[in-house]
Amino acid sequence: MPSSNLPENAEAAKAEIRELRTQINYHNHRYYVLDNPDIEDKEYDLLMRRLITLETAYPELITGDSPTQRVGGAPAEGFLRVAHLTPMRSLGNAFSEEELMAFHQRVINGLAQTADIEYVVELKIDGLAIDLVYENGRLIRGATRGDGYEGEDVTGNIRTIRSVPLALEHESLAIPPLLEVRGEVYMPRKAFDRLNRERSAAGEPPFANPRNAAAGSLRQLDPQMTSKRALDVFIYGIGIHEGVDIQTHTQMLQYLQKLGFKINPLYRVFKRIEDVVGYCTEWAQKRGDLAYDIDGMVVKVNDLAGQERLGFTAKDPRWAIAYKFPAEQAVTVVEDIFTGVGRTGVLTPTAILRPVKVAGSTVSRATLHNQDFINEKDIRIGDTVIIHKAGEVIPEVIGVIVEKRMGKEQPFVMPAACPECGWPVVRQQGEAAHKCTNAHCPALFREGLIHFVSRDAMNIEGLGPSILTALIDAKLVTSAADLYTLTAGQIINLERMGDKSAQNLLAAIEASKQAGLARLLYALGIRFVGVKAAGIIARHFGCMQAVREASFASLTELNEIGEKTAESIVAFFAVPENLEFIERLEAVGVVMTEEKPQQTASQLLQGKTFVLTGILPTMTRTEATAVIERLGGKVTGSVSKKTDYVLAGSEAGSKLDKARNLGIEILTEEQFRQLVE
Ligand code: IVH
């Protein structure tokens, strides 16, 4: 395809333009909708450039649905109000299992049906609802929900969302003359974080959450701005549809998917309400794993005739309900800011919050990371703040509600003297952290000890920070090695320590001697040596003696051990006190070796290379990749002779053909599950 030569005449140009648009639309769909491209970015750019060249030479051939026309049009002065073809309803809410059961009972009554009712359960995407109208397969309008009857015409902005098809194409399906679809525009979390970083750097206020960011982006008057905002969409419903023969909601989703719309693949069908509840609570737990925010689940009667019979109340459908998760965000007050010293001497400020319920638990603290974080968000003592907590993650302050300030709020300044020992605190150039300058700061020892006994390290149960502090205060422990020579008589005198707990504690300490080299290496608290690096080093060298003698070169030879880590390990073992400490541990019987790994589950796919293609029935690509990597395998983007397996789902493309040609083993999700279970 010569990029500089122009076609002989307008007719030839027209044909080439048509072909290019089809190809580009196909690749857009693979990239933005299926998340499964089958060409390199460079090749895609060439196609796009050729199309632009031809359209520049023949501007009369430019049409609104050309992929070059996603970002076009002048900034609007405001948005027109437009009426939806059919009203956009919202959903009633269920906040508990009981309310979900009550909904089920209403459905049973409404349908006068005693047999199982089939439900579809979908993720409730936390963005904003949009309505798209296609005439003869061309996107002619995109609008916000507004009041459900009328919304704002944001077509120019919707067009910039790459996963929204501008033109519907299918080889065998007839494209309906008029089609109205509904979905949710959202901003993926990564894009949200990036946007907020850029905004802070530019001195603009950050968005409180991805939903606000998506709404703000979709309501930009200039589509150029919207196009920079990495918005995405999931389509979940249909309004007017002429000439489409579908009986169930799931058939509708599949139909929309075939037409090129992006459907969330995590919907499931259940016949038993218990399973519906189970799936809802499952995602309440796992929501943090997703790349985007969800605020609940949506439960819908699958049968469209049943939906029609149930109909609507004044406001909401009787055939669907939103099961809402407990809020992950809350508003509270920063009562104080406390500065703690960590085991490396770094001072970390923590917000002491007025206790508030978030995501099902009470939160009274949030990390503030460092002075820069506090300055960036301008967090002051006394401020009203929005906090966020997702799953296991430590709560974070997202932003300050500046309007609530009364004038008495106190800015925070990092103390000049260490709160533990009074030594000067310094901030090295180029580093975010303030550090205590005292190499013997008592905090270092205490925090180091807390780390030594922690779950991923020596895992000594029952030895929490308060007992450790008591042991240190009573001068019973001046080195972690002292833990192993404690006697029942010594610890029984500690506050709140009964005979039984003393015995349990001693047993836990004794058992930790068998933790093995990997845990021990991690427990030593060597800079840059996390759980993973410690495991790699322990398995490779097998015993402490070999690790002690390992050279910088032999360490960096290991996969995943970088120069900084290697340097830090060598430096650690060059310090006589550290060697003495290890010798003391050895003398009391702490195991210094790592069992050679047997063929455990985590080695199952060692050295195996996978390529994923198509849409898997129940797993996302991220989930499948996580399983493969956990078992020691690798996932790459393209099929070659080195590929061991191709895991293929529906709509798999050229990768599958290539795998067949090369004779590479092809697995369905089911076969894959059998392989790894
Ligand atoms: S169905 C008549 N399904 O939740 C039923 N809504 O009040 C129409 N939402 O803002 C809604 N994910 O945009 C449906 N899978 C999903 C959804 C979903 C998110 C939003 C919707 C609306 C709100 C419902």
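Residues numbered from 1 in each chain as written. Predicted model: local features only at pLDDT ≥ 70, side-chain atom pairs only at ≥ 80, totals over all residues. Heavy atoms only, no water.

On to the overall build of the chain, then. In terms of regular secondary structure, the chain is built from 24 helices and 24 strands. Taken across its 677 residues, the chain has 46% of its residues classed as buried. Put simply, 67% of the contacts in the chain that link residues at least 6 apart link residues at least 24 apart. As displayed, the chain offers around 34,400 Å² of accessible surface, 51% of which is attributable to carbon and sulfur atoms. Distance between charge centres in the chain, computed from 75 positive and 88 negative side chains, equals 1 Å. (Helix = DSSP H or I, 4+ residues; strand = E, 2+ residues; numbered from the N terminus. Buried < 20%, exposed > 50% of the residue type's maximum accessible area, 1.4 Å probe, protein only. Contact = heavy atoms within 4.5 Å. Areas by Shrake-Rupley, 256 points an atom, 1.4 Å probe, with all protein chains shown as cover. Lys, Arg positive; Asp, Glu negative; His and termini not counted. Charge placed at Lys NZ, Arg CZ, Asp CG, Glu CD.)

Inspection of the region around the ligand gives 13 residues, with Leu 91, Glu 122, Glu 184, Tyr 236 and Lys 300 positioned closest. Residue Ile 125 places a main-chain N or O atom 3.1 Å away from a nitrogen atom belonging to the ligand. Within the complex, 86% of the 530 Å² of free accessible area of the ligand lies under protein. Put simply, the parts of the chain that give the shell around the ligand at least two residues each are β3 (119-125) and β10 (294-301). (Near = heavy atom within 4 Å. Polar contact = N/O pair within 3.5 Å; in protein donor to acceptor, adjacent residues only side chain to side chain.)

Looking now at the packing of helix α1 (residues 10-33) against helix α2 (residues 41-57). Packing of α1 against α2 brings their axes to within 10 Å, and their N-to-C directions diverge by 145 degrees. Classified by chirality, the crossing of α2 by α1 is left-handed. Taking contact as the criterion, the partners of Ala 13, Glu 16, Ile 17, Leu 20, Arg 21, Gln 23, Ile 24, His 27, Asn 28 and Tyr 31 in α1 are, on α2, Asp 41, Tyr 44, Leu 47, Met 48, Arg 50, Leu 51, Leu 54 and Glu 55. Partitioned by chemical class, the residues of the contact of α1 with α2 number 10 nonpolar, three polar and five charged. (Axes fitted to C-alpha atoms, helices over the stretch in contact; angles between N-to-C directions. Left-handed = near helix turned anticlockwise from the far one by under 90°. Nonpolar A, V, L, I, M, F, W, Y, C, P; charged D, E, K, R; others polar.)

With that settled, the discussion passes to the nonpolar core. One finds Phe 452, Leu 483, Leu 521 and Phe 573 to be the most contacted residues of the largest nonpolar core, which totals 53 residues. Excluding anything up to four places from it in sequence, Phe 452 contacts Ala 457, Met 458, Ala 480, Leu 483, Tyr 484, Leu 520, Ala 523, Phe 581 and Leu 585. (Core = buried A, V, L, I, M, F, W, Y, C linked by side-chain atoms within 4.5 Å.)

Take the packing of aromatic side chains next. Scanning the entire structure with this criterion turns up 13 aromatic pairs. For the pair Tyr 31 and Tyr 32, a centre-to-centre distance of 4.7 Å together with 70 degrees between the ring planes defines the contact as edge-to-face. Owing to a relative accessible area of 30%, Tyr 32 belongs among the partly exposed residues under this scheme. Each member of the aromatic cluster is reached from another via a ring pair, and the members are Tyr 186, Phe 234 and Tyr 292. One Lys or Arg, Arg 199, reaches over the ring of Phe 207 and ends 4.3 Å from the middle of that ring. (Phe/Tyr/Trp six-rings, centres within 6.5 Å; stacked < 30°, edge-to-face > 60°. Lys NZ or Arg CZ within 6 Å of the ring centre and 35° of its normal.)

This part is about the environment of Ile 374. With respect to the secondary-structure elements, Ile 374 resides in helix α11 (residues 371-377). Here the alpha-carbon distance between Ile 374 and Val 413, two residues 39 residues apart in the chain, equals 9.3 Å. Excluding residues that lie within four positions of it along the chain, Ile 374 makes contacts with Pro 349, Leu 368, Ile 379 and Phe 412.

The four strands are arranged β5-β4-β7-β8 in an open sheet whose pairing can be described as antiparallel. Since the sheet does not close on itself, it has two edges, and those belong to β5 (138-144) and β8 (232-241), each with one partner. Neighbour to neighbour, the strand axes of the sheet diverge by 25 degrees on average, direction disregarded. In the sheet, strand β4 (residues 128-135) pairs with β5 via six bridges, with the strands oriented antiparallel. The partner of Glu 135 across the bridge, within β5, is Arg 138. Along the sheet, helix α6 (residues 210-218) makes contact with β4, β5 and β7 (178-186), crossing β4 at roughly 40 degrees. (Pairing = 2+ DSSP bridges.)

What follows covers the packing of helix α3 (residues 97-111) against helix α9 (residues 273-286). Think of two packed helices as two axes; the pair is described by the angle between the axes and how far apart they sit. In the contact formed by α3 and α9, the axes pass within 11 Å of each other and the chain directions differ by 140 degrees. Pair α3 / α9 crosses with right-handed handedness. Here Glu 97, Leu 100, Met 101 and His 104 of α3 lie close against α9, whose contacting residues are Ile 273, Val 277 and Cys 280. Among the residues forming the contact of α3 with α9, the class breakdown is five nonpolar, one polar and one charged.

All right, on to the pattern of salt bridges then. When the charged atoms of two side chains with opposite charge come close together, those side chains can pair. Under the defined criterion, the tally for this structure stands at 29 salt bridges. The shortest N-O distance in the salt bridge between Asp 293 and Arg 189 comes to 2.6 Å. Placement of the pair is Asp 293 in the loop between α9 and β10 and Arg 189 in helix α5 (residues 189-201), with a sequence separation of 104 residues. Here Asp 293 falls in the buried class, since its relative accessible area comes to 11%. Through salt bridges with shared partners, a single ionic network connects Asp 378, Arg 380, Asp 383 and Arg 405. (Salt bridge = Lys/Arg side-chain N within 4 Å of Asp/Glu carboxyl O.)

With that settled, the discussion passes to the sheet that holds strand β11 (residues 320-324). Spatially, β2-β11-β10-β3-β9 is the arrangement adopted by the five strands of the open sheet, whose pairing is mixed. The two strands at the open ends of the sheet, each matched to only one other strand, are β2 (93-94) and β9 (268-270). Relative to β11, β2 is paired through two bridges, and the arrangement is parallel. Directly across from Asn 93, in β11, lies its bridge partner Ala 322.

The full count for this structure, using the stated rule, is zero disulfides. Looking at Cys 418, it has no disulfide partner, and the nearest cysteine sulfur is the one in Cys 436, 3.7 Å off. (Disulfide = S-S within 2.5 Å.)

To continue, consider the environment of Ala 574. Among the secondary structure elements, Ala 574 is positioned in the loop between α20 (563-573) and α21 (576-587). In this structure, the C-alpha to C-alpha distance between Ala 574 and Arg 548, residues 26 residues apart in sequence, is 8.7 Å.

With that settled, consider helix α24 (residues 669-676). The complete set of buried residues in α24 reads Glu 669, Phe 672 and Val 676. Looking straight down α24, one finds that the buried residues subtend no more than 55 degrees of arc, so they occupy a single side. Turned more than 90 degrees off the buried face of α24, the exposed positions are Glu 670 and Gln 674. (Arc of directions from axis to C-beta.)

Right, let's get into α6. Along α6, the positions that sit buried rather than exposed are Pro 210, Ala 213, Ala 214, Ser 217 and Leu 218. In a view along the axis of α6, the buried residues occupy a sector of 125 degrees, so they form one face of it. Taken together, the buried residues of α6 touch β4, β5, α4 (155-158), β7, α5 and α7 (223-227).

Everything listed here is a matter of coordinates, which is why it stays silent on function.
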